[in-house]
Amino acid sequence: MIIAEITGSLPAAAGCLAAAIGVGLVGAKAVESVGRNPDASAKILVQSILGMALAEAVAFYAIFLAK
């Protein structure tokens, strides 16, 4: 019974892990881009927030569809 509960949340955990990796990659590339071109930091900020939001949507889909 406990094993079924643990394995039932593995797809949700994998989706959340993928979202965390995606947010980390977006953040790292945003910082790298600002380092290369500081004048474009406002545009980079908007694009990185949008990218992070889309990556976080993966976590919500994984949680809701895993149940």
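Relevant structure appears above.
Some words on helix α3 (residues 41-66)
Working step 1: A rise of 1.5 Å per residue sets the reference length of α3, with its 26 residues, at 38 Å; its end C-alpha atoms lie 37 Å apart and thus fit the reference within 8%.
Working step 2: Taken together, the buried positions of α3 are occupied by I44, S48, A55, A59 and A62.
Working step 3: Looking at the packing, one finds that the buried side of α3 touches α2 (10-36).

Some thoughts on the environment of I44
Working step 1: Relative to the helices and strands, I44 is located in helix α3.
Working step 2: As a C-alpha pair, I44 and V34 span ten residues in sequence and 7.1 Å in three-dimensional space.

Some words on the pattern of salt bridges
Working step 1: For the structure shown, the criterion picks out two salt bridges.
Working step 2: Put simply, E32 and K29 hold a salt bridge, and the shortest N to O gap is 3.5 Å. A residue pair is termed a helical-turn pair when its members lie 3 or 4 positions apart in one helix, as E32 and K29 do in helix α2 at three residues.
Working step 3: A relative accessible area of 36% places E32 in the partly exposed class.
Working step 4: Among the ionic pairs, R36 bridges to E32, the shortest N-O distance being 3.2 Å. Highlighted residues: R36 and E32, both in helix α2, separated by four residues, approximately one helical turn.
Working step 5: Where salt bridges share partners, they join K29, E32 and R36 into one cluster.

Considering the side chain of S48
Working step 1: Mapped onto the secondary structure, S48 falls in helix α3.
Working step 2: On the basis of relative accessibility, which here comes to 10%, the residue S48 falls in the buried class.
Working step 3: At 2.9 Å, the side chain of S48 forms a polar contact with the backbone oxygen of L45.
Working step 4: Ignoring sequence-local partners within four residues, the contact set of S48 consists of V26 and A30.

Procedures and definitions
Residues numbered from 1 in each chain as written. Predicted model: local features only at pLDDT ≥ 70, side-chain atom pairs only at ≥ 80, totals over all residues. Heavy atoms only, no water. Helix = DSSP H or I, 4+ residues; strand = E, 2+ residues; numbered from the N terminus. Expected span 1.5 Å × (residues − 1). Buried < 20%, exposed > 50% of the residue type's maximum accessible area, 1.4 Å probe, protein only. Contact = heavy atoms within 4.5 Å. Salt bridge = Lys/Arg side-chain N within 4 Å of Asp/Glu carboxyl O. Polar contact = N/O pair within 3.5 Å; in protein donor to acceptor, adjacent residues only side chain to side chain.

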